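Single-letter residue listing:
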Amino acid sequence: LTRTAADLLRVIPFVVIVVIPFMELALPLLLKLFPNMLPSTFEDKLKKEEKLKQRLKVKLEMARVLQDTAIEMAKQVKEGDAKTAADHFLDFTNKVRSGAAVSNAEILQFAKLF
């Protein structure tokens, strides 16, 4: 439904281009200036895959930043019980990064922090 509504809104400029005489000659220039002006049926598979790859890359970078931030915060804590909790959290994040098995109890223990 959202895609259909967006496509309908994208048709409005095409109506203007068709109604005004010789405006069709400016269509390549307009498509160069506004590449998202075409309806979704004209999208290439490569373009879609490129968007997905870009989104995945951004998500991975954000996850890496959040993990690094959590590790830095864990390292900064230097008080008694908090230090041992930070060490446990550091071990937990290292386990997760390496792909080792993590128990549900450990996940629930550290999920409270977030």
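In case you missed it, the structure is sitting above this.
First, a word on scope: everything that follows refers to the structure included in this document. (Residues numbered from 1 in each chain as written. Predicted model: local features only at pLDDT ≥ 70, side-chain atom pairs only at ≥ 80, totals over all residues. Heavy atoms only, no water.)

1. Quick look at the overall build of the chain
A tally of regular secondary structure across the chain gives five helices and zero strands. Going from N to C terminus, the chain has its helices and strands arranged as α-α-α-α-α. Counted over contacts in the chain with a minimum sequence separation of 6, partners at least 24 positions apart contribute 38%. Accessible surface, the chain: about 9,700 Å² in total, of which carbon and sulfur atoms supply 66%. (Helix = DSSP H or I, 4+ residues; strand = E, 2+ residues; numbered from the N terminus. Contact = heavy atoms within 4.5 Å. Areas by Shrake-Rupley, 256 points an atom, 1.4 Å probe, with all protein chains shown as cover.)

2. Topic: the packing of aromatic side chains
For the structure on display, the rule yields three aromatic pairs. Members of the aromatic cluster, each reached through a chain of ring pairs, are Phe89, Phe92 and Phe110. (Phe/Tyr/Trp six-rings, centres within 6.5 Å; stacked < 30°, edge-to-face > 60°.)

3. Overview of the environment of Leu30
Among the structural elements, Leu30 can be located in helix 2 (residues 27-33). Owing to a relative accessible area of 18%, Leu30 belongs among the buried residues under this scheme. Between the C-alpha atom of Leu30 and that of Ile17, which follows or precedes it by 13 residues, the distance is 9.9 Å. (Buried < 20%, exposed > 50% of the residue type's maximum accessible area, 1.4 Å probe, protein only.)

Geometric values such as these leave the question of function open.
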